[in-house]
Amino acid sequence: MSAVMIAKKVRKWEKLPGKNTFCCDGRVMMARQKGVFYLTLFLIVGTCSLFFAFECPYLAVHLSPAIPVFAAVLFLFVMAMLLRTSFSDPGVLPRALPDEATFIEMEIEAANGNVPAGQRAPPRIRNVQINNQIVKLKYCYTCKIFRPPRASHCSICDNCVDRFDHHCPWVGNCVGKRNYRYFYMFTLSLSLLTVYIFTFNIVHVAMRSVVSGFLNTLKDTPGTVIELLVCFFTLWSVVGLTGFHTYLISLNQTTNEDIKGSWSGKNRLQNPYSHKNIIKNCCEVLCGPTFPSVLDRRGVMQDEAPAPTSTNDAAPQTTKTTAPLIPNEHAPDEAKAGAGSAEEKNHSPKEELPPTAKLPPLASPETDAEPSIAKDKPH
Amino acid sequence: MATEFHNLQELRQSASLANKVFIQRDYSEGTTCKFQTKFPSELETRIERSLFEDTVKTLNNYYAEAEKIGGQSYLEGCLACATAYLIFLCIETRYEKVLKKIAKYIQEQNEKIYAPRGLLITDPIERGMRVVEISIYEDRGSSGSSSSSSSVSGSTTR
């Protein structure tokens, strides 16, 4: 009666749906496409190595030894923030287990009443009132849940992420509730590092040129030219991004909401999450509590045979049966339609998932069309 | 936490699962974790309303304590930032501490109040903090339902 003894423990991350890659036995969680992330690493490590090799010896002697020390500290901080953003769970919401999905379907059917044959069912939306503002919660056909406020489905990672900001290819992960502050600290510290390296490059070139002439300086330290180029282009993008996110934090908005114009003031819609005070907003986003991951990656899968009387008991391994998706379920998801953020579109096309298991009949594809209509209306 | 759920669950194999009720989140105060205290109709014959409401209100209080933004959370945030968040490799965050308290509270409630009535509460963290799942078991006469002694297990590593 008992299940066959498995020699190897199967951890839950191996059976998680979604398009993430996991490393270090589930401790590290990233998106599938990591190429741009490696580029980011290469640029940062490469530029800093050139700085330490070419500029620092000269500056340490002629100006102050504190210069390379501070650069090293800043570099380590940037790397720590980058790795923390890239490797951590952004706030992925696990998909509904079959019982929960069925329960929600029943509630929806009860709310909609009898739909006459031939007519489309109304869109699956739940209205909640937050701080005297009506917020619409949309139903996610992939995850089979009503998304909490501020959550959104990332089509690249194929997960619903809480307080979804955007999917960042440079860090190779989504930016959401759990790793937003690390992302912000990364862009801020990277801006500082870029400015620092850029400034001291110029100082170094200036000081050396006085002694040996400008062209000779560049010949002696070819690394300087590369660094200047990299820093110049990085400055515009990263400093701009830091400024943009500082603006968002002060208003307690996400990139996703900003792009969709959710709280732009049209139809008297105001941001119900903002404390209307810049300091309070900043404190909440940057110094708020650190949320735990609700996605159990390192738990061990229980491989018990289900008892004959109870069909829905052993919860964890049924996760797999909800995982296979009917490909057209991607169609209504928020991130795919025009309302989605631009970053999510700049990627290789999503792979079509082979339809394997049959879904419960209530989650029928013909109702998929509705949310796309509802979604195209401005928030 | 997953281990402890299954210990109770295995003991419950002798009773059959009749139904599940899902207590949804209450978003009226924003995105903070709070569950609705509305009494579901399926539980009307199984448990007193006041006991249920007490349980949910206590859970809500625990979550509010975990997510409170005040002096302690600022201190934790600033200290963590100063150490490039490496300090979280050593110490537990306040939220994690409160989650342990919640797990203990739910287990206690299950043992004392819910299991004798043929009910079982699942820790919301196992459902992505979306719902409080209450499993309703059919009474099977004398067997099984009150013998829910469970071992307290450590938290699962995440």
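Chain B carries the name Golgin subfamily A member 7/ERF4 domain-containing protein in an unreviewed UniProt entry, which gives Knipowitschia caucasica as its organism. In the Subcellular location (unreviewed entry) part of its UniProt record, chain B is described as follows: "Golgi apparatus membrane". Chain B has a UniProt comment under Sequence similarities (unreviewed entry) that states "Belongs to the ERF4 family."

Looking at an unreviewed UniProt entry, one finds chain A named Palmitoyltransferase and attributed to Knipowitschia caucasica. Its UniProt record gives chain A a comment under Catalytic activity (unreviewed entry), which states: "L-cysteinyl-[protein] + hexadecanoyl-CoA = S-hexadecanoyl-L-cysteinyl-[protein] + CoA". In its Sequence similarities (unreviewed entry) section, the UniProt record describing chain A reads: "Belongs to the DHHC palmitoyltransferase family. ERF2/ZDHHC9 subfamily."

What follows is about the interface of chain B and chain A. Taken together, the contact pairs 42 residues of chain B with 51 residues of chain A. Of the roughly 3900 Å² buried between chain B and chain A, counting both surfaces, carbon and sulfur atoms make up 62%. Taken together, chain B and chain A are joined by 2 salt bridges. The partner of Arg130(B) in a salt bridge is Glu100(A), with the nearest N and O atoms 2.8 Å apart. Counting across the interface, chain B meets chain A through 4 residue pairs in polar contact (both at pLDDT 80 or more). Broken down by element, the residue count for the side of chain B that touches chain A peaks at 5 residues, all from helix α3 (residues 71-82) of chain B. Among the residues forming the side of chain B that touches chain A, the class breakdown is 19 nonpolar, 13 polar and 10 charged.

Attention shifts here to the sheet that holds strand β6 (residues 145-146) of chain A. Residue and element names in this part refer to chain A. If you walk across this open sheet you meet the 3 strands as β4-β5-β6, and the pairing is antiparallel. Of all the strands in the sheet, the pair left with one neighbour each is β4 (125-130) and β6. Of the pairings in the sheet, the one linking β4 to strand β5 (residues 133-140) comprises 6 bridges and is antiparallel in character. Bridging across to β5, glutamine 129 finds its partner in isoleucine 134.

So, how was this worked out
Residues numbered from 1 in each chain as written. Chains lettered and ligands numbered in written order. Predicted model: local features only at pLDDT ≥ 70, side-chain atom pairs only at ≥ 80, totals over all residues. Heavy atoms only, no water. UniProt positions renumbered as here; feature names shortened; annotations may be inferred. Contact = heavy atoms within 4.5 Å. Buried area = accessible area lost by both parts, 1.4 Å probe. Salt bridge = Lys/Arg side-chain N within 4 Å of Asp/Glu carboxyl O. Polar contact = N/O pair within 3.5 Å; in protein donor to acceptor, adjacent residues only side chain to side chain. Helix = DSSP H or I, 4+ residues; strand = E, 2+ residues; numbered from the N terminus. Nonpolar A, V, L, I, M, F, W, Y, C, P; charged D, E, K, R; others polar. Pairing = 2+ DSSP bridges.

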